[in-house]
There are 2 protein chains.
Amino acid sequence: MPLLDHPDAKAFLLHWGEMGTQWGVNRSVSQVHALLYLSDRPLPADEIVDQLGLARSNVSTALKELQSYAIVRRVHVEGDRRDHFVAELDLWEMLTRIAAERKRREIDPTIALLNELAQRLAKDATCPPHVRERITRMHEFLSTLGNWYEQMRVLPKPTLVALMKLGGKVVRFLPGGKKDANSG
Amino acid sequence: MPLLDHPDAKAFLLHWGEMGTQWGVNRSVSQVHALLYLSDRPLPADEIVDQLGLARSNVSTALKELQSYAIVRRVHVEGDRRDHFVAELDLWEMLTRIAAERKRREIDPTIALLNELAQRLAKDATCPPHVRERITRMHEFLSTLGNWYEQMRVLPKPTLVALMKLGGKVVRFLPGGKKDANSG
DNA sequence: CCGTAATTTCGGTAAATTCAGAAATCCATG
DNA sequence: CATGGATTTCTGAATTTACCGAAATTACGG
């Protein structure tokens with residue numbers, strides 16, 4: 001019995017698919033992800049094809065993309081030759097993996113370029129001062145962000161979760177942190 | 001004298017333009033942003049057209065998009081009828097504004113849908129248990145993230161900056177936080 | 001190894017996006 | 001309230017991206 005017979009599962013899947021384009025992947029990719037996320041068992045590509053009505057090749061590409069984010073993985077199912085696929089169900093894991101891959105694709109190349117430019121600018125007298133300053137600032141800013149990310153990345157997951165649950169209340173624990181009505 | 005005469009400024013601008021497509025905007029948008037970011041004075045649309053070699057209409061659309069993120073704003077220049085534009089130069093501001101807009105576009109619609117679905121699922125006996133659970137989990141997860149974001153958003157900027165600079169060392173200050181070699 | 005099932009790659013088409021130029025609208029000024 | 005510059009909106013062409021079906025490749029069981 002197809003998962004998508006249930007109207008709410010279907011609503012979720014269709015919405016997820018549409019949002020995909022906003023998130024920088026195509027609809028097929030995010031639909032496949034939604035289907036696997038809702039599925040209670042590993043699915044072979046064929047079945048994804050059937051349930052979503054996509055071309056086999058398209059599903060293959062989508063699965064590859066999802067695996068590149070490490071939020072979907074191949075699993076072997078006893079007594080079946082075909083590859084099966086499951087989505088990461090730990091949403092915190094999902095988030096950190098997407099973050100890692102997006103940083104790699106969207107931030108790291110720019111930091112690399114800025115490293116180069118910063119080096120060149122250091123010994124370049126012809127550059128207008130404000131250009132030098134703007135590029136340097138951007139370099140410092142992104143480097144700082146990158147370092148922060150790196151430090152967060154290596155924290156144990158429970159610590160990260162605790163930090164997030166704490167929300168704005170972290171400041172209470174900092175030296176000179178604000179006291180509020182709930183702190184005593 | 002055009003800004004882009006300098007090779008490093010040009011390299012920055014070209015790179016920024018290419019990355020734009022990764023970041024979910026088109027090349028024109030990110031190029032216009034780069035140009036304004038490097039400029040030491042407000043630029044009228046005409047001049048952006050000249051320096052980047054884009055069509056006037058294109059620049060108009062790009063400026064609108066950048067203003068929707070609130071990282072570029074219109075300014076009036078004494079004695080000139082034309083609108084001029086400047087980029088946000090405080091990079092921390094830039095980041096928080098982009099984050100705000102992206103959350104609005106990329107997360108809020110999904111939270112809204114999940115609110116609906118969660119409500120429907122609560123009184124729906126026909127839904128397979130694992131589907132209910134997965135959707136509920138996603139709902140809780142995104143809501144928690146949203147709440148965390150909201151609490152970070154309202155913190156004073158210096159506090160945010162301090163928190164980031166602190167990096168992984170925040171945990172030292174938390175109750176039960178780990179001690180490390182640098183903490184004593 | 002051979003045959004078959006499973007999967008990926010390739011080529012072509014459809015759809016969407018980007019972008020320039022033209023037309024229309026807006027707006028300040030005389 | 002007319003004029004001319006400034007700006008946006010409209011339209012269509014060009015490019016890019018998404019996606020299907022077929023062919024090629026890979027992996028597996030006998």
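Residues numbered from 1 in each chain as written. Chains lettered and ligands numbered in written order. Predicted model: local features only at pLDDT ≥ 70, side-chain atom pairs only at ≥ 80, totals over all residues. Heavy atoms only, no water.

Chemist: It is not clear to me how the sheet that holds strand 3 (residues 83-87) of chain B should be interpreted in this structure. Could you clarify?
Modeler: Consider a sheet: its strands pair through backbone hydrogen bonds, and that pairing is either parallel or antiparallel. All names here are of chain B. Read across the open sheet, the three strands follow the order 1-3-2; overall the sheet is antiparallel. Single-partner strands in this sheet number two, and they are strand 1 (43-44) and strand 2 (72-76). Both strand 1 and strand 3 contribute to a ladder of two bridges, which runs antiparallel. Its bridge partner lying in strand 3, L43 is registered against F85. (Pairing = 2+ DSSP bridges. Helix = DSSP H or I, 4+ residues; strand = E, 2+ residues; numbered from the N terminus.)

Chemist: I keep staring at the nonpolar core and nothing clicks. Help me out?
Modeler: Considering soluble globular proteins, one finds that nonpolar side chains tend to be buried as a cluster. Counting 106 residues, the largest nonpolar core has F12 of chain A together with F12 of chain B as its most contacted members. Those residues in contact with F12 of chain B, other than ones at most four positions away along the chain, are L113, L114, L117, I135 and M138 of chain A together with A34, Y37 and L38 of chain B. (Core = buried A, V, L, I, M, F, W, Y, C linked by side-chain atoms within 4.5 Å. Buried < 20%, exposed > 50% of the residue type's maximum accessible area, 1.4 Å probe, protein only. Contact = heavy atoms within 4.5 Å.)

Chemist: Explanation requested: the UniProt feature "domain: HTH marR-type" (unreviewed entry) in chain A in the structure shown.
Modeler: Using the residue numbers shown here, the UniProt feature "domain: HTH marR-type" (unreviewed entry) corresponds to residues 24-82 of chain A. For residues 24-82 of chain A, helix accounts for 56% and strand for 12%, while the C-alpha atoms at its two ends are 29 Å apart. (UniProt positions renumbered as here; feature names shortened; annotations may be inferred.)

Chemist: Looking at this model, I keep getting lost on the relation of the copies chain B and chain A. Mind explaining?
Modeler: Copy one and copy two of the chain differ by a rotation about a common axis and a shift along it. Of the two same-sequence chains, chain B is brought onto chain A (RMSD 0.1 Å, axial shift 0.0 Å) by a rotation of 180 degrees. These values place the two chain copies in the arrangement generated by a two-fold rotation axis. Minimal C-alpha separation from the rotation axis in chain B is found for F173 of chain B, amounting to 2.9 Å. Mapped onto chain A, 100% of the interface residues of chain B are again interface residues, and the two copies thus contact each other with one and the same surface. (Least-squares fit on C-alpha atoms with pLDDT ≥ 70 in both.)

Chemist: Help me understand unusual backbone geometry, please; the structure alone is not making it clear to me.
Modeler: Among all residues except glycine, the phi angle is most often negative; among peptide bonds, the trans geometry is most common. Residues other than glycine seldom take positive phi values, yet A70 of chain A does so here, at roughly 60 degrees. Tracing the sequence through the fold places A70 of chain A in the loop between helix 4 (56-68) and strand 2 (72-76).

Chemist: Which parts of the structure should I look at to understand the protein's contact with DNA strand C?
Modeler: Around DNA strand C, a shell composed of 15 residues is seen, among which S60 and D83 of chain A together with S28, A55 and N58 of chain B lie nearest. Counting only the atoms of DNA strand C that lie within 4 Å of the protein, the sugar and phosphate share comes to 74%. R81 of chain A has a polar side-chain atom sitting 3.5 Å from a base nitrogen of DNA strand C. Separating a phosphate oxygen of DNA strand C from a backbone N or O atom of D83 of chain A is a distance of 2.4 Å. Put simply, the parts of the chain that give the surface near DNA strand C at least two residues each are helix 4 of chain A together with helix 2 (27-38) and helix 4 (56-68) of chain B. For the surface near DNA strand C, the element with the highest residue contribution is helix 4 of chain A, accounting for four residues. Across the surface near DNA strand C, the residue classes break down as two nonpolar, seven polar and six charged. (Near = heavy atom within 4 Å. Polar contact = N/O pair within 3.5 Å; in protein donor to acceptor, adjacent residues only side chain to side chain. Nonpolar A, V, L, I, M, F, W, Y, C, P; charged D, E, K, R; others polar.)

Chemist: Is there a simple way to think about the interface of chain B and chain A in this case?
Modeler: A common way to express how large an interface is: the accessible area buried when the components associate. On the chain A side, the residues contacting the 61 residues of chain B number 61 residues. For the pair chain B and chain A, the two sides together bury roughly 5500 Å², of which 72% comes from carbon and sulfur. Inspection of the region where chain B meets chain A yields two salt bridges. In this structure, the salt-bridge partner of D8 of chain B is R120 of chain A, at a minimum N-O distance of 2.4 Å. The interface formed by chain B and chain A holds 18 residue pairs in polar contact (both at pLDDT 80 or more) in total. Residue assignment for the side of chain B that touches chain A shows that the elements contributing at least two residues are helix 1 (7-23), helix 2, helix 5 (91-122), helix 6 (129-153), helix 7 (157-166) and helix 8 (170-173) of chain B. (Buried area = accessible area lost by both parts, 1.4 Å probe. Salt bridge = Lys/Arg side-chain N within 4 Å of Asp/Glu carboxyl O.)

Chemist: Quick question: what am I supposed to make of the environment of R27 of chain A here?
Modeler: Residues and elements named next belong to chain A. By secondary structure assignment, the location of R27 is in helix 2 (residues 27-38). R27 sits in the partly exposed class, given a relative accessible area of 43%. Taking the C-alpha atoms as reference points, R27 and H15, separated by twelve residues in sequence, lie 9.7 Å from one another. Beyond its immediate sequence surroundings of up to four residues, R27 is in contact with G17, E18 and T21.

Chemist: Can you walk me through the packing of helix 5 (residues 91-122) of chain A against helix 6 (residues 129-153) of chain A in this structure?
Modeler: Between two packed helices, the angle of one axis relative to the other and the distance separating the axes together describe the packing. Residues and elements named next belong to chain A. Interaxial distance between helix 5 and helix 6 falls to 9 Å at its minimum, and their mutual angle equals 145 degrees. With respect to the hand of their crossing, helix 5 and helix 6 are arranged in left-handed fashion. Contacts between helix 5 and helix 6 involve T96, A99, A100, K103, T110, I111, L114, N115, L117, A118, L121 and A122 from the former and R132, I135, M138, H139, L142, G146 and Y149 from the latter. Looking at side-chain class alone, the contact of helix 5 with helix 6 contains twelve nonpolar, five polar and two charged residues. (Axes fitted to C-alpha atoms, helices over the stretch in contact; angles between N-to-C directions. Left-handed = near helix turned anticlockwise from the far one by under 90°.)

Chemist: Would you take a moment to explain the sheet that holds strand 2 of chain A for this structure?
Modeler: As summarised here, the arrangement of the three strands in space is 1-3-2 (chain A), forming an open sheet in which the pairing is antiparallel. Edge positions in the sheet fall to strand 1 (43-44) and strand 2 of chain A, since each has one partner strand and no second.

Chemist: Just to check I follow, could you spell out the environment of Q151 of chain B for this structure?
Modeler: Looking at the secondary structure, you find Q151 of chain B in helix 6. With sequence-adjacent residues up to four places away left out, Q151 of chain B is seen in contact with L166, G167, G168 and K169 of chain A. Here G168 of chain A takes part through its backbone nitrogen, which lies 2.7 Å from a polar atom of the side chain of Q151 of chain B.

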